[in-house]
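Residues per chain are reported as follows:
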Amino acid sequence: MFYYLLKHVLLGPVLRLLFRPRTEGLEHIPEDGAAIVAGNHLSFSDHFLMPVVLRRRITFLAKQEYFTGPGIKGRLTAAFFRSAGQIPVDRSGKEAGQAAIREGLGVLGRGELLGIYPEGTRSHDGRLYKGKVGVAVMALRAGVPVVPCAMVGTFEIQPPGQVVPKIKRVRIRFGEPLDFSRYAGMENDKAVLRAVTDEIMYRILALSGQEYVDDYAANVKEAQQAAQARKFGRSRR
């Protein structure tokens, strides 16, 4: 109930007015039945702008940090995400990936739309990074289509670290659904999972026009932070 109140009354009309999202390929979203919408992730705003343009409800697997923040602000944020139907996922530890897959399969098992960011985190520099294979595991186990999605312009309005977004028009593109039924029963084959994930990322890349990096975003960000720390350490000597 609160999801639709947010979308149609409280938040959705404001977002439409401010950012005037222009959509392409909306007809590629199935009118009913389970499906995965896999997109690039450039901004915190992505969580809200994509659902605004969809006719159907979509559930995202959201990082657990959104639900565990301290103080009043943390409690309000957690209440907001829970009320909007988002599912917290712990991204740390060996079991994190399996927990996300279980939660995602639960959503798909109810015949709903599941929103996934295969990169696993927001892009820190606007480039598109290598996708994690969890999206492929869910697509094959559930036997559902994957609709590629590209958010265009959201990095410019609210890059990581910027609290208040700039008011600027954004574009949201949806590609034709990808059918991976030819790989049915092969969700434990690592080569197949990599091939499926790479095909999804290629379609997202074609829609977004981003520069592609064949490495995980978290790895690149960690390496850059380590390099900066070493540079800072040398400068203090």
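Residues numbered from 1 in each chain as written. Predicted model: local features only at pLDDT ≥ 70, side-chain atom pairs only at ≥ 80, totals over all residues. Heavy atoms only, no water.

Draft legend 1. How the structure looks around a nonpolar patch on the surface. A grouping of F2, L5, V9 and L10 is seen on the molecular surface, where their side chains present a nonpolar patch of about 330 Å² in accessible area. Relative to the assigned elements, V9 resides in helix α1 (residues 2-10). (Patch = residues over 30% accessible without salt bridge, like charges linked within 9 Å, V, L, I, M, F, W, Y side chains within 5 Å. Areas by Shrake-Rupley, 256 points an atom, 1.4 Å probe, with all protein chains shown as cover. Salt bridge = Lys/Arg side-chain N within 4 Å of Asp/Glu carboxyl O. Helix = DSSP H or I, 4+ residues; strand = E, 2+ residues; numbered from the N terminus.)

Draft legend 2. Local environment of the environment of I58. Checked against the element boundaries, I58 lands in strand β3 (residues 58-63). With 108 residues separating them in the primary sequence, I58 and K166 have C-alpha atoms 25 Å apart. In contact with I58, other than residues within four places in its own chain, are Y3, V37, M50, P51, Q86, L113, L114 and G115. (Contact = heavy atoms within 4.5 Å.)

Draft legend 3. Quick look at the sheet that holds strand β8 (residues 171-174). Overall, mixed pairing links the 7 strands, which are arranged β1-β8-β7-β2-β5-β3-β4 in an open sheet. Only two strands of the sheet have a single neighbouring strand rather than two, namely β1 (22-24) and β4 (87-89). Averaged over all adjacent pairs, the angle separating strand axes in this sheet is 25°, with direction ignored. Two elements, β3 and strand β5 (residues 113-116), share 3 bridges in a ladder whose sense is parallel. Each bridged residue has a counterpart across the sheet, and for F60 the counterpart in β5 is G115. Contacts from helix α8 (residues 190-208) reach β2 (35-39), β7 (146-152) and β8 within the one sheet, and its direction differs from that of β7 by about 35°. (Pairing = 2+ DSSP bridges. Axes fitted to C-alpha atoms, helices over the stretch in contact; angles between N-to-C directions.)

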